[in-house]
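Chain and residue survey
This is what each chain is made of:
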Amino acid sequence: MTDFRGADLFPDVRNPESLRVINDRCLVRTQEGHRIVVVSGVTVAYYAVGDALAEAYAMVNLVEQGWCDQNDVAQAFGCSVRTVRRHQRRFDDGGLAALRLRNGYPQGRRRLRVARTRFVHRLKAQGHSNREIARRSGVSEVAVRKLLRRLGWKAPSVTQPELPLAPTPGANPNLSAFCVSTSRPTRGGTGTARPPEGLPTTGDTDPADRHGDRLLACLGLLHDAAPLFSSSTNVLRAGGLLAVPALVGSGLFECAQKVYGSLGPAFFGLRTTLLTLLLMALWRIKRPEGLKEHSPEALGRVLGLDRAPEVKTLRRKLTRLAAAGRAAEFGRALAERRVALRGTVVGFLYVDGHVRVYHGQHRLPKAHVARMRLSMPATSDYWVNDPAGDPLFVLTAEANAGLVRMLPGILEQVRALVGRRRVTVVFDRGGYSPRLFQQILAAGFDLLTYRKGRYPPIPRKQFRKHRTVVEGYSLSYVLADQEVRLLRGTLRLRQVTRLMDNGHQTPILTSRRDLSAARVAYRMFERWRQENFFKYLREEFALDALAEYAVVPDDPTREVPNPAWAVLDAQLRQAQAQLDRLEAEYGLEAFTSLEEQRRTMRGFKIAQGKLGQQIWEAWHRVLQLEARRAKVPRRVPVQTVTPEPVVKLAPELKHLTNLIKMVAYQAESDLLRAVAPYYRRVDDEGRTLIQSALASAAELEVTECELRVTLAPLSSLHRTRAIAALCEQLNQSGAQFPGSSLHLRYAIRETL
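Below, the structure is looked at part by part. Everything numeric in this text was worked out from a predicted model, so none of it was measured.

**With respect to the overall build of the protein chain**
Within the protein chain one finds 24 helices and 22 strands. Evaluated residue by residue, the protein chain yields a buried proportion of 46% over its 752 residues. Considering only intrachain contacts with a sequence separation of at least 6, the fraction spanning at least 24 residues in the protein chain is 64%. By element, 50% of the accessible surface of the protein chain is carried by carbon and sulfur atoms, the whole surface being about 41,500 Å².

And the structure:
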């Protein structure tokens, strides 16, 4: 028997020094001055030990293919995880050539000359931040920090200035205590200058540190923080600044100041809150809760602040605005401004309702949801759009009132906006009512809608092919044009009927006799732009999302369909259906009866006596149900139907958010029209182009009177050139950033 007492049962087995195991399928072997990377027995890399480019590519390849993670690769190759990430970033930016190690100081980065060390020390002693010193010196903030560390700089002790406990009587509440005793430093140099009248001021000099303004807001001395920018590169989502000229031109900030005044002492005032909400909509941050996924510091750099408002802050601001109850007045002011800017395109106005489905626990009136083809608890909003599909104003219907009921009130608001102009109102079959047509014509409007109900078909020989050219597009329709009379001949309208290829006829009613038949058809079918608008806002701007869960009391005397009448009506329809079946069976027996079997009617009645008795009983039941239903009112007050409190969704905050999304969509449309001459596929992907530009990063450069925004190039050269042409147009507008005197200048870096 073998003796194992002196043997080692578990010898110390180690990998040779030339072999490094990364994980269960990857290893690295070094032999004779070369290195081999093996994955599952397959060689994926073979290079000399001193070849840094090949080794960097091997590390990137292992991570990118998912064979290893960054920590394992860094441990196997004897480097840090940061080095692996740097190799990945360089490979993504410039490919294999970018992995080559660069000797010396990085190209394109300026060195800080030794002669300027005293200049840096003097600026730091004056209280300037490292970022401001770097901007003035033309180097990076890291270089300034290293230089100050080498110089052994220490911050001098500075006594804190005393702040007044209350503002001076008659002074502007936006002026801080720092601005009373000192002037505001200019952004482009070392001198000082006083800000223009009416603009908010700040005592802070570091854009990344706004503690002074926040303290003043807490003391009640500041109503809105002034925007303060710093020159920086790769500012995320700074492309959203492209929309600022359109947002300023919409008059939103002026209307808000006129309607709401101020939100009170706050660092995030009315202007900042509205600008944040508008940019959120353009960035597709669809609700305040979406801010959790974005850095407040990164978004704040676009707003000219150290941080953007977060979820709770923005919610409180919206709640305060909704508590004022002025959303309708705000919307009316915006509509007046829009008509003043684009009054030439409001000759046709499209009116349609949009149903917002509600899935909560409160009991709300139901409405028919066309896209779902069923009735659900919902709230109906009625939008008025121009021929381009851009919204003009919106209002919420009481208890899902139909278009026939809402249209007179809508036309009153339109008349207040457009004055005495004769506008053509376009709507769908939901507003079909000959008596309503008379009211529309009497109010000085023209109408354009589909015909509803039964109508005689038109013979094919009356149809003719009509052609027209609209906005450069050639259109052709097969139409029949004729006059029709409604309400027993008291209402005369023009009917243009379109014949489809499958033989279906679509009749269109209008009071416009000056338009050609093809133009009438084109204007009617353009109503689908509004349908596309609803779909776009629902998907891109979360139009149907609840702004809040609050409810408010509704009118308890509001009449609703009587459930008792509905029950009797259902029973009556069932009884009538049974009577129809019995009568049909009786008629069939009479039709198939042979004369040689029953020569007289008396004989037939005797033979079918049981069936006849059933008919008489069914007939009497129908008469009884009709009498019972006639005694029951068809509509009753809602408080008599449900024991629960009668409530509705709080409309104010939702109306306000709808207006903000409306202005954001208008700004996007204005940018789309500006870029249309320079982009061929604007009809198919124009809004995608604008959305990509708004979400792109940019470089910000601040001078004494300008904020220069240089966007990163887009995915292709022709898209980049289209945005470059858009930037040239925006530069001609001379727009200023809201709340500052900085003129916006745009450019985009073209790819080589």
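**Digging into the nonpolar core**
Among the nonpolar cores identified, the biggest contains 95 residues, and Leu241, Leu242, Leu247, Phe330, Leu707, Ile723 and Tyr746 are the most heavily contacted of them. Ranked by the residues each element gives to this core, the list is headed by helix H22 (residues 651–675), at 13 residues. What leucine 241 contacts, discounting residues up to four positions off in sequence, is Val302, Leu700, Leu707, Val709, Phe737 and Tyr746.

**Considering the environment of glycine 347**
Along the chain, glycine 347 falls in the loop between helix H14 (327–341) and strand S6 (348–357). By relative accessible area, which is 22% here, glycine 347 ends up partly exposed. For the pair formed by glycine 347 and valine 423, sequence separation is 76 residues and the distance between their alpha carbons is 5.0 Å. Discounting residues that sit within four places of it in the chain, glycine 347 has contacts with Arg421, Val423 and Thr424.

**A word on the packing of aromatic side chains**
For the coordinates displayed, the defined rule picks out 13 aromatic pairs. Seen from their ring centres, tyrosine 477 and phenylalanine 525 are 5.8 Å apart, and the 55 degrees between their planes marks the pair as tilted. In this pair, tyrosine 477 sits in strand S13 (residues 473–486) while phenylalanine 525 sits in helix H17 (residues 517–525), placing the two residues 48 residues apart along the sequence. Centroid distance phenylalanine 533 to phenylalanine 534: 5.5 Å. Interplanar angle 50 degrees. Geometry classified as tilted. Within the aromatic cluster, the residues linked to one another by ring pairs are Trp383, Phe533, Phe534, Tyr536, Phe541 and Tyr665. Above the ring of phenylalanine 267, the side-chain terminus of arginine 214 is found at 4.1 Å from the ring centroid.

**Description of unusual backbone geometry**
The backbone phi angle of glutamate 32 is positive, close to 55 degrees, even though this residue is not glycine. Its location among the elements puts glutamate 32 in the loop between strand S2 (26–31) and strand S3 (34–39). A relative accessible area of 73% places glutamate 32 in the exposed class. A positive phi angle is found at serine 40, which is not glycine, with a value near 55 degrees.

**Re the pattern of salt bridges**
This model, assessed by the stated rule, comprises 37 salt bridges. Salt-bridge contacts for glutamate 289 lead to arginine 315; the nearest nitrogen and oxygen are separated by 3.0 Å. Taken together, the positions of glutamate 289 in the loop between helix H11 (270–282) and helix H12 (296–303) and arginine 315 in helix H13 (residues 311–323) put the pair 26 residues apart, joining distant regions of the chain. By relative accessible area, which is 30% here, glutamate 289 ends up partly exposed. Put simply, arginine 687 and glutamate 668 hold a salt bridge, and the shortest N to O gap is 2.9 Å. You can see arginine 687 sitting in helix H23 (residues 682–695) and its partner glutamate 668 sitting in helix H22, a full 19 residues away along the chain. Per residue, the accessibility class of arginine 687 equals that of glutamate 668, and both read buried. It is possible to trace a salt-bridge network through shared partners that takes in Arg284, Glu540, Glu668 and Arg687.

**Some points on the sheet that holds strand S1 (residues 19–21)**
With respect to topology, four strands assemble into an open sheet ordered S1-S2-S3-S4, the strand pairing being antiparallel. Since the sheet does not close on itself, it has two edges, and those belong to S1 and strand S4 (42–48), each with one partner. Going across the sheet, the axis of each strand differs from the next one's by a mean of 15 degrees, ignoring polarity.

**Some points on the side chain of serine 230**
Examined against the element boundaries, serine 230 turns out to sit in the loop between helix H8 (211–218) and strand S5 (232–235). If near-sequence neighbours (up to four positions away) are discounted, serine 230 is found in contact with Arg131, Pro207, Leu700 and Val702.

**Thoughts on the sheet that holds strand S21 (residues 706–711)**
Read across the sheet, four strands follow the order S5-S20-S21-S22 without closing on themselves; strand pairing throughout is mixed. Taken across any chain shown, the strands that pair with only one partner, and hence form the sheet edges, are S5 and strand S22 (743–748). Geometrically, the sheet is characterised by an average inter-axis angle of 20 degrees between neighbouring strands, direction not taken into account. Across six bridges, S21 lies against S22 in parallel orientation. Note that in S22 the partner of valine 709 across the bridge is tyrosine 746.

**Considering the pairing of strand S7 (residues 366–369)**
Bridge count for S7 against strand S8 (residues 374–385) is four bridges, and the pairing is antiparallel. For histidine 368, the partnering residue across the bridge sits in S8 and is serine 375. Hairpin remark: S7 followed by S8, antiparallel, with four residues in the connecting loop; positive phi at arginine 373, about 60 degrees.

**Digging into a positive patch on the surface**
Among the surface-exposed residues, Lys292, Lys312, Arg316 and Arg320 lie close enough to one another that they form a single positively charged patch. Along the chain, the position of arginine 320 falls in helix H13.

**Section: the packing of helix H10 (residues 252–260) against H14**
It is at 10 Å that the axes of H10 and H14 come closest, and there the two elements cross at 145 degrees. Along this stretch, H10 crosses H14, giving a crossing that reads as right-handed. Across the interface between the two elements, Leu252, Glu254, Cys255, Ala256, Val259 and Tyr260 of H10 pack against Ala327, Glu329, Phe330, Ala333, Leu334 and Arg337 of H14.

**Quick notes on H23**
Counted at 1.5 Å a residue, the expected span for H23 with its 14 residues is 20 Å, and the 18 Å between its end C-alpha atoms agrees. Taken residue by residue, H23 has Val682, Gly686, Arg687, Leu689, Ile690, Ala693 and Leu694 as its buried positions. The arc that holds every buried residue of H23, seen down its axis, measures 155 degrees, which confines them to one face. Contact partners of the buried residues in H23: H11, helix H18 (528–540), H22, S21 and helix H24 (717–733).

**Let's talk about the packing of H10 against H11**
It is the contact of H10 with H11, at a shortest axis distance of 10 Å, that shows an interaxial angle of 135 degrees. Taken together, the axis directions place H10 and H11 in an arrangement best described as oblique. Of the two elements, H10 crosses H11, and the hand of that crossing is right-handed. For the pair H10 and H11, contact is made by Leu252, Phe253, Ala256, Gln257 and Tyr260 and by Leu270, Arg271, Leu274, Leu275 and Leu278, respectively.

How each quantity is defined
- Residues numbered from 1 in each chain as written.
- Predicted model: local features only at pLDDT ≥ 70, side-chain atom pairs only at ≥ 80, totals over all residues.
- Heavy atoms only, no water.
- Helix = DSSP H or I, 4+ residues; strand = E, 2+ residues; numbered from the N terminus.
- Buried < 20%, exposed > 50% of the residue type's maximum accessible area, 1.4 Å probe, protein only.
- Contact = heavy atoms within 4.5 Å.
- Areas by Shrake-Rupley, 256 points an atom, 1.4 Å probe, with all protein chains shown as cover.
- Core = buried A, V, L, I, M, F, W, Y, C linked by side-chain atoms within 4.5 Å.
- Phe/Tyr/Trp six-rings, centres within 6.5 Å; stacked < 30°, edge-to-face > 60°.
- Lys NZ or Arg CZ within 6 Å of the ring centre and 35° of its normal.
- Salt bridge = Lys/Arg side-chain N within 4 Å of Asp/Glu carboxyl O.
- Pairing = 2+ DSSP bridges.
- Axes fitted to C-alpha atoms, helices over the stretch in contact; angles between N-to-C directions.
- Patch = residues over 30% accessible without salt bridge, like charges linked within 9 Å, V, L, I, M, F, W, Y side chains within 5 Å.
- Lys, Arg positive; Asp, Glu negative; His and termini not counted.
- Charge placed at Lys NZ, Arg CZ, Asp CG, Glu CD.
- Left-handed = near helix turned anticlockwise from the far one by under 90°.
- Expected span 1.5 Å × (residues − 1).
- Arc of directions from axis to C-beta.
- Parallel < 35°, antiparallel > 145°, perpendicular 65-115°, else oblique.

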